[in-house]
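Tertiary structure, described
Each chain is listed here by its residues.
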Number of protein chains: 2
Amino acid sequence: MTRAASPASLTTPLADLQINCDRLLHRLDQLAQIGAIAGGGVCRLALTDEDKAGRDVVVSWMRELGLTITVDQLGNVVGTRAGLVAGPPVMTGSHIDTVATGGRYDGNLGVLAGLEVIATLNEHHIQTRYPLAVAFFTNEEGARFHPDMMGSWAFSGGLSSDAALAEVETDGTTVAAELTRIGYAGTVPCGSQPVKAFVELHVEQGPVLEQEGVQIGAVTGVQGMSWQELTVTGVSNHAGTTPMSLRHDAGYGASAIAVAVRELALAMGGNQVATVGSIQLQPGLVNVIAKAAKLTVDLRNTDSALLKQAEATLQTQMAAIAAAEGLEITAQSLARFEPVSFAPKMIDCVERTAKALGFSVKRMPSGAGHDAGMIAAIAPTAMIFVPSVNGLSHNVKEYTAPEDLENGTNVLLQVLLQLASLSKAGVIQPSLKDE
Amino acid sequence: MTRAASPASLTTPLADLQINCDRLLHRLDQLAQIGAIAGGGVCRLALTDEDKAGRDVVVSWMRELGLTITVDQLGNVVGTRAGLVAGPPVMTGSHIDTVATGGRYDGNLGVLAGLEVIATLNEHHIQTRYPLAVAFFTNEEGARFHPDMMGSWAFSGGLSSDAALAEVETDGTTVAAELTRIGYAGTVPCGSQPVKAFVELHVEQGPVLEQEGVQIGAVTGVQGMSWQELTVTGVSNHAGTTPMSLRHDAGYGASAIAVAVRELALAMGGNQVATVGSIQLQPGLVNVIAKAAKLTVDLRNTDSALLKQAEATLQTQMAAIAAAEGLEITAQSLARFEPVSFAPKMIDCVERTAKALGFSVKRMPSGAGHDAGMIAAIAPTAMIFVPSVNGLSHNVKEYTAPEDLENGTNVLLQVLLQLASLSKAGVIQPSLKDE
């Protein structure tokens, strides 16, 4: 793999520091063995035995690296490395839970890259001015317990930990019971740990960097997201005997909405995206006009007003389709997050650092939700994206080339060094180097 | 209930004959007790214990009415009443199997109305010139074994009885094994029983008669039917991170086809109908662009050339949608029946008789498949429709008012009398009346 040229514009000795990619890859591989599934993927749903095993391994690595570990009420784990001064840490991290057919990079990279940064600093006996911390947050995926980003949302005080702990899975198990069962029901109250700054390295989970041949994404924020479940109610009838003019076809209504949702996104342009990922017809038989349909609509935009506009357009479309076909169409919100804009200075820092390391870099929003989007509520936050091959994610074929993993982790290292070493005057402070 | 005025244009004494509606309703009610389900519906799937119990009751009624019973290799049951002359019978009948959430009239009415005609003739000691027969055919619904109209298709020699007997249900059971198990594996070869003429009374299963306030439908034929399952293959990806321009969304493809199918039917007009009753997306998650979709398309037309045109238009639409979204779309035929046109003289007979009895009557195609559509291959055939409230069928709420049941059965009686009494000169022959 090609190393980036030594960065010219970073003038401290630390600017030459590089992570050990083989060590990072080894940890990624070891963690991916836990809950491994066919095709190279991983299934470590939150708070399962596999999640516990993954947590135990990561915590053991944290201990080996000398980090001080805290576990909060929701099982969020923070490993902290002391700085020259006390106070809130500069934090990195992500999550290690996966979806049922997940890949090995989503979340895991951000946590293990953090550990790799710590290992690199330890190796070179570098102490930062401010404490550094690596965190992994509980149930980011939301694949087993609602909502997603549960841990980081509670960590940042946005979600009540009592509500999160009481959340029930389909089989009746609660978050609280599962945390206790796997030994990660901590005592530190959620929302009690201040953070000086937060940076998360993550695979893009989309095709943009690869398509444009760009090495690093400097993430400007997280798209706002509106998830709705629509219920279409029509009249079931015989597909052969019911003239077209007398139909109230819920299946047609659902399909017409899905097509309208596509038109909505194309008409709005910009970074508006809109997806109908699930359609279910009742009774779902070849020769019966559907009496009912359920479909989901996922709308995202980086701009709060535009997201609202998309929602309003959908509502207008639904009303028009309902009136034309004689249907009842109702909507229920499944989840809604306002767009998050990261702090401009933090975005600048990622962009500048990546460029200084010789990488091509693109400012871009994140289309997916991330823990960073939650932590942004309490600390200046940034994200670093590295390319996802074919844009695949939540898929056993998720893949990011080792060179890109290395590039991203080196950017993370240099960004964290700057954030943790900054003096009040904003000048990079050379830290203690091994004599 | 209002009796129709005594028909003026039927000049024989038989023209005053009327069926006993209470007796018909009583039999309908008794049969509906077998396999009764909540809401007033019936579940008597073909060749189940419930079907056996229903068959046993109907056969016992046939015996009580003095009919000579034959059971063929596929379990089709024919009860015959001798005529003045020997030879092929004038036949009526239908089926007594139901779908899983069926009503009490679909099929059952045609069989029990036939028995009511026999009972009326017995009561009045009327013997027809030609034999009269009442049949019920095996597995008309196709809800348990493929294909539908299995029994009547084999009875008319169109379907190999060996193939039908070997048909396997999802649990591995065959038609042959189930026929033996319930005691209806007869010995009469399928395709060996000639029929002089066939008339089937059936509920419309559609809304047209009720909407137009018409009492009797004189069915002109059975719509041709083309059932296809389409498979759409796209690329699964993240709903947030994948720009609209880079999507290959199988869910959108399926929806666009469903909307195009509607447009196809509206553009063709006439009696073209088109339905997408089932859509399934994979993986079917709110935030994942579907990688695959399956949907069914049901196309029907009374005209063979127009049905082919509809299929060709669908294929063109599929190709256009596949090209625009970068999808692969393939089609598999699930079933296909050419349109059936009933004999003009038979349609005339139903129309003329209904009018003579004082009923309003409409010539109309059948949108649903029926046993009569199969028997039409070997005998002059007609069908009589009576209104279905709200057009509901294959539904526990299926309902036809007693008055309409009575009207239809009286039309059936008079039509059968004409067909079974006709001399070679085409004049209605007064049959033997009770002295």
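Residues numbered from 1 in each chain as written. Chains lettered and ligands numbered in written order. Predicted model: local features only at pLDDT ≥ 70, side-chain atom pairs only at ≥ 80, totals over all residues.

1. As for the overall build of chain A
Summing up its helical and strand segments, chain A has 12 helices and 18 strands in all. Here the C-alpha atoms of chain A give a radius of gyration of 24 Å, agreeing with the 22 Å that 2.2 N^0.38 yields for 435 residues. Viewed in the frame of its principal axes, chain A has a C-alpha envelope of about 90 × 45 × 40 Å. Every one of the 435 residues in chain A was classed for burial, and the buried ones make up 58%. Counting contacts in chain A only where the partners sit at least 6 residues apart, residues at least 24 apart contribute 77% of the total. (Helix = DSSP H or I, 4+ residues; strand = E, 2+ residues; numbered from the N terminus. Rg over C-alpha atoms; globule rule 2.2 N^0.38 Å. Buried ≥ 20, exposed ≤ 12 C-beta atoms within 10 Å, placed from the backbone. Contact = placed C-beta atoms within 7 Å.)

2. Things to note about the interface of chain B and chain A
One widely used convention gives an interface's size as the accessible area the parts lose upon coming together. Each partner contributes to the interface: chain B provides 53 residues, whereas chain A provides 53 residues. Elements that contribute at least two residues to the side of chain B that touches chain A include exactly α7 (208–212), β9 (224–233), β10 (237–238), α8 (250–268), β11 (273–275), β12 (279–282), β13 (288–289) and β14 (292–301) of chain B. Ranked by residues supplied to the side of chain B that touches chain A, first place goes to α8 of chain B with 9 residues. Across the side of chain B that touches chain A, the residue classes break down as 26 nonpolar, 23 polar and 4 charged. (Nonpolar A, V, L, I, M, F, W, Y, C, P; charged D, E, K, R; others polar.)

3. Structural notes on unusual backbone geometry
Residues and elements named next belong to chain A. A cis amide bond links His 146 with the next residue in sequence, Pro 147, at an omega value of 0°. Topologically, Pro 147 is positioned in the loop between β6 (132–136) and α4 (150–155). With phi around 70°, Leu 47 is a residue other than glycine that occupies positive phi space. Positive phi outside glycine occurs at His 394, with the angle close to 50°. Within the fold, His 394 resides in the loop between β18 (381–386) and α12 (402–421).

4. Quick look at the relation of the copies chain B and chain A
Mapping chain B onto chain A calls for a rotation angle of 179° and an axial translation of 0.1 Å; the resulting RMSD is 0.1 Å. In short, the pair behaves as if placed about a two-fold rotation axis. Of the C-alpha atoms belonging to chain B, the one lying closest to the rotation axis is found on Ser 255 of chain B, 2.2 Å away. Comparing interface residues between copies, 100% of those in chain B also lie at the interface in chain A; the contact surface is shared. (Least-squares fit on C-alpha atoms with pLDDT ≥ 70 in both.)

5. Thoughts on helix α1 (residues 21–32) of chain A
With 12 residues, α1 of chain A should cover 16 Å at 1.5 Å per step; its first-to-last C-alpha distance of 16 Å lies within 8% of that length. In this structure, the buried side of α1 of chain A is in contact with β1 (36–37), β2 (41–42), α2 (49–64), α3 (108–123) and α12 of chain A. (Expected span 1.5 Å × (residues − 1).)

6. Focus: the nonpolar core
Ranked by size, the top nonpolar core spans 95 residues in total, and within it Val 199, Ile 216, Val 350, Ala 382, Ile 384, Leu 412 and Leu 416 of chain A carry the most contacts. Element by element, the count of residues in this core is highest for α12 of chain A, at 9 residues. Excluding anything up to four places from it in sequence, Ile 384 of chain A contacts Val 199, Leu 201, Ile 216, Val 350, Gly 408, Val 411 and Leu 412 of chain A. Ranked by size, the runner-up nonpolar core spans 94 residues in total, among them Leu 112, Ala 372, Ala 379 and Phe 385 of chain B. (Core = buried A, V, L, I, M, F, W, Y, C linked by C-beta atoms within 7 Å.)

7. Remarks on the domain arrangement of chain A
All names here are of chain A. Once the domains are mapped, chain A shows domain 1 (13–223 + 339–421) and domain 2 (224–337). For domain 1 versus domain 2, the distance between C-alpha centres works out to 35 Å. Taken together, the contact pairs 7 residues of domain 1 with 12 residues of domain 2. Classifying every residue of the side of domain 1 that touches domain 2 by side-chain character gives 3 nonpolar, 4 polar and no charged. (Domains from an automatic or database assignment.)

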